[in-house]
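Here is what each chain is made of, one letter per residue.
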Amino acid sequence: MDGLRERKKVAARQALHEAAVRLALEQGLDRVTTEAIADAAELSRRTFSNYFAGKEDAILHGDVERLRSWLEALRERPRAEPPWLALRESLRALYGQWADPNLARATAMRALRQHPSLLARQSAIYGAFERDVARVLQERSGTDTPDARRAARVLAAAFLAGLRVATALWIEEPEVRALIPTIDEVLDQVGAPFR
């Protein structure tokens, strides 16, 4: 019974997320209400508020799920693996989800994400993720000193900055670049000092 209940919850969250993104791309974020999202997903308004605090969280739900999967993949990497390699390999494990990215949708989402309320929420989500990555890296090191914590934070920040740059380059120059090779190229450049 719990498995069915959990699948229903996952399906409801996903339906609300997809409706929120679709409506925001079609109408603009300011015109979208949580009521409209719930209606578009054919769920109650109460159901919406059970899963999300606001429309921004519903829109960014896909990001949160991808980040959660990535963090889990990082935790599962062999402890003996060097930290930069563990980050690269845990990210590569998720490449299948990005194998055929839709450039038009990515470009529209990038524009949507410039909305002040989404930027604020996105900043909070990615800041927390960076701290989580640093914590996992520090735990993997087996050392709990100020230097180890600082090194883990620097490594996490550098890796995520490289990923942001790669994604931006792909969106800005899609005719020149494919996403996955661009990510690999940028992370090779950023990671040189960490190998």
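All residue numbers refer to positions counted from 1 along the written sequence of the respective chain. Thresholds applied to this predicted model are a pLDDT of at least 70 for local features of residues and 80 or more for the giving and counting of side-chain atom pairs; totals over whole chains, interfaces and linings are not thresholded and use all residues. With hydrogens and water excluded, all non-hydrogen atoms of the structure serve as input to the side-chain values.

## Observations concerning the overall build of the protein
Step number 1: When helices and strands are counted, the protein shows 10 helices and zero strands.
Step number 2: Tracing the protein from N to C terminus, the helices and strands come up as α-α-α-α-α-α-α-α-α-α.
Step number 3: Taken along the three principal axes of its C-alpha coordinates, the protein extends 50 × 45 × 30 Å.
Step number 4: Relative to its 195 residues, the protein shows a buried fraction of 39%. Helix and strand assignments come from DSSP, with helices taken as H or I runs of at least 4 residues and strands as E runs of at least 2, each series counted from the N terminus. Each residue's exposure class comes from its accessible area (1.4 Å probe, protein chains only) as a fraction of the maximum for that residue type: buried when under 20%, exposed when over 50%, partly exposed otherwise.

## Observations concerning the UniProt feature "DNA-binding region" (unreviewed entry) in the protein
Step number 1: UniProt's feature table lists "DNA-binding region" (unreviewed entry) at residues 33-52, given in the numbering used throughout.
Step number 2: Annotated as residues 33-52, this span is 70% helix and 0% strand, and its ends, taken at the C-alpha atoms, are 13 Å apart. UniProt positions are given in the numbering used here, feature names are shortened, and annotations may be inferred rather than shown by experiment.

## Observations concerning helix H6 (residues 83-92)
Step number 1: All buried positions along H6 are accounted for by Trp-84, Ala-86, Leu-87, Arg-88, Ser-90 and Leu-91.
Step number 2: Elements that come into contact with the buried residues of H6 comprise helix H5 (61-75), helix H8 (116-141), helix H9 (146-172) and helix H10 (179-191). In what follows, residue pairs with any heavy atoms lying within 4.5 Å of each other are defined as contacts.

## Concerning the UniProt feature "domain: HTH tetR-type" (unreviewed entry) in the protein
Step number 1: The positions UniProt marks with the feature "domain: HTH tetR-type" (unreviewed entry) are residues 10-70.
Step number 2: Helix makes up 77% of residues 10-70 and strand 0%. Its end C-alpha atoms lie 18 Å apart.

## Some thoughts on the nonpolar core
Step number 1: Take the buried residues of types Ala, Val, Leu, Ile, Met, Phe, Trp, Tyr and Cys, join any two whose side-chain atoms come within 4.5 Å, and each joined set is a nonpolar core. Residues Ile-59 and Trp-70 are the most contacted members of the largest nonpolar core, which totals 50 residues.
Step number 2: If one sorts the elements of this core by residue count, H9 sits on top with nine residues.
Step number 3: Setting aside chain neighbours within four positions, we find Trp-70 in contact with Leu-87, Ser-90, Leu-91, Leu-94, Phe-129, Phe-159, Leu-160 and Leu-163.

## Thoughts on the layout of surface pockets
Step number 1: Lining residues are those with an atom within 4 Å of a point, where the points come from a 1 Å grid over the protein atoms alone and group into cavities, where a 1.4 Å probe fits but cannot get out, or pockets, open sets with protein on both sides within 12 Å along at least five of seven lines. Grid points are joined across faces, edges and corners, and a volume is the space filled by probe spheres set on the points. Here the second largest pocket is characterised by a volume of approximately 180 Å³.
Step number 2: Val-64, Leu-67, Arg-68, Leu-71, Arg-121, Ile-125, Ala-128, Phe-129 and Asp-132 together form the lining of the second largest pocket.
Step number 3: At the level of elements, H5 and H8 are the ones that each hand at least two residues to the lining of the second largest pocket.
Step number 4: A total of five residues in the lining of the second largest pocket trace back to one element, the largest contributor, which is H8.
Step number 5: Asp, Glu, Lys and Arg are counted as charged, while Ala, Val, Leu, Ile, Met, Phe, Trp, Tyr, Cys and Pro are counted as nonpolar; the rest, among them Gly, fall into the polar class. In the lining of the second largest pocket, the residues fall into six nonpolar, no polar and three charged.

## A short note on the side chain of Arg-88
Step number 1: Mapping Arg-88 onto the fold places it in helix H6.
Step number 2: By relative accessible area, which is 5% here, Arg-88 ends up buried.
Step number 3: Residue contacts for Arg-88: discarding those within four places in its chain leaves Phe-159, Asp-184, Leu-187 and Asp-188.

## Considerations on the pattern of salt bridges
Step number 1: Any carboxyl oxygen of Asp or Glu within 4 Å of a side-chain nitrogen of Lys or Arg constitutes a salt bridge here. Enumeration according to the criterion identifies 14 salt bridges in this entry.
Step number 2: Arg-68 is paired through a salt bridge with Glu-65; the nearest N and O atoms lie 2.4 Å apart. Here Arg-68 pairs with Glu-65, and both are found in helix H5, just three residues apart, close to one helical turn.
Step number 3: Judged by its relative accessible area of 31%, Glu-65 falls in the partly exposed class.
Step number 4: Of the charged contacts, one joins Glu-72 and Arg-75 as a salt bridge, the two residues approaching to 3.9 Å between their closest N and O atoms. You can see Glu-72 and its partner Arg-75 sitting in helix H5, three residues apart, about one turn around the helix.
Step number 5: Among the ionic contacts, a cluster of salt bridges with common partners joins Arg-88, Glu-89, Arg-92, Asp-184 and Asp-188.

## A short note on unusual backbone geometry
Step number 1: One non-glycine residue, Glu-42, lies in positive phi territory at about 60°.
Step number 2: On the secondary structure map, Glu-42 appears in the loop between helix H2 (34-40) and helix H3 (45-51).

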